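Below are the chains, spelled out letter by letter.
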Amino acid sequence: MIKIRKYIAGDEKGIFSLWNRTFGNLLEKNDIFSIDSRWWEWRILNNPNGFPDIFVGCNDTGEIVAHHLSEKFFVNSKEKKLTMYQGSLTMADEKYRGVAFLKLVNACAKEITSKDALAYGFPNKASSYLFEKVGWKDAGVVPVLGRPINHLFKLFDIHKEHPMYRVESVEKFNSEVDTFTESIKEIFPYSLKRNYEILNWK
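Residues numbered from 1 in each chain as written. Predicted model: local features only at pLDDT ≥ 70, side-chain atom pairs only at ≥ 80, totals over all residues. Heavy atoms only, no water.

Asks: Please set out the nonpolar core residue by residue, giving values where relevant.
Replies: Among the nonpolar cores identified, the biggest contains 16 residues, and Ile15, Trp40 and Ile54 are the most heavily contacted of them. Only α1 (12-23), α2 (37-45), β2 (53-58), β3 (64-77) and β4 (82-92) provide two or more residues apiece to this core. At four residues, α1 tops the list of elements feeding residues into this core. Those residues within four positions of Trp40 in sequence are excluded, and the remaining contacts are Tyr7, Glu12, Ile15, Phe16, Leu45 and Ile54. Core analysis: the next-biggest nonpolar cluster, separate from the first, contains five residues, Phe55, Ala66, Ala92 and Leu104 among them. (Core = buried A, V, L, I, M, F, W, Y, C linked by side-chain atoms within 4.5 Å. Buried < 20%, exposed > 50% of the residue type's maximum accessible area, 1.4 Å probe, protein only. Helix = DSSP H or I, 4+ residues; strand = E, 2+ residues; numbered from the N terminus. Contact = heavy atoms within 4.5 Å.)

Asks: Which residues make up α2, and what values do they have?
Replies: Within the sequence span of α2, burial applies to Trp39, Trp40, Arg43 and Ile44. Along the axis of α2, the buried positions cluster into a sector of 95°, meaning they face one direction only. With respect to the buried face of α2, the exposed residues turned more than 90 degrees away are Ser37, Arg38 and Leu45. Packed against the buried residues of α2 are α1, β2, β3, β4 and α7 (196-201). The opening residue of α2, the one whose side-chain oxygen lies 3.2 Å from the backbone nitrogen of Arg38, is Asp36. (Arc of directions from axis to C-beta. Polar contact = N/O pair within 3.5 Å; in protein donor to acceptor, adjacent residues only side chain to side chain.)

Asks: Describe in detail the environment of Leu192, supporting the description with residues and values.
Replies: As for its position among the elements, Leu192 is in strand β6 (residues 190-192). Residues Leu192 and Asn76 lie 116 residues apart in sequence; the distance between their C-alpha atoms is 6.1 Å.

As structure tokens, this is what we get:
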């Protein structure tokens, strides 16, 4: 029996334990990141966009065996400002996968809908099937543009091609970034709000 509820203070210890049981130490495998109290303080407690929506699944003994969080983002558009959530850190103990995922996603979808907000994400094939089961729509493949970085491409080439631009390294962003992002938001139908506070946090 799985009970789905919202996060309460102190759950992070159970979330860390679930992460370790599910993924182990990914840093040793040269993979993504570790989940610990330092990460939690930065990503969750000090998030300038606000505290994420976090749901956990508990078994009969109260142990956290499933987890899902949705981080909040603010989106600029020509019509209005939108609130958008991106799901991440979706995981479940091996014994509780399937049903636990479905319940977590369903609880998250209801929460986001109640706030008149949007949600987006990039699920794998297995989790995409569960998302669609609870009413989420597949918007299709998101195109990704990139340019290979090799010895023929260097940052200072930008200055050579466009002398009016100057590229320099900075320790921190300042309010000039806000002026720039505000000036270009009308060019794009949608754009994430990225002020200097958010960029410095990142």
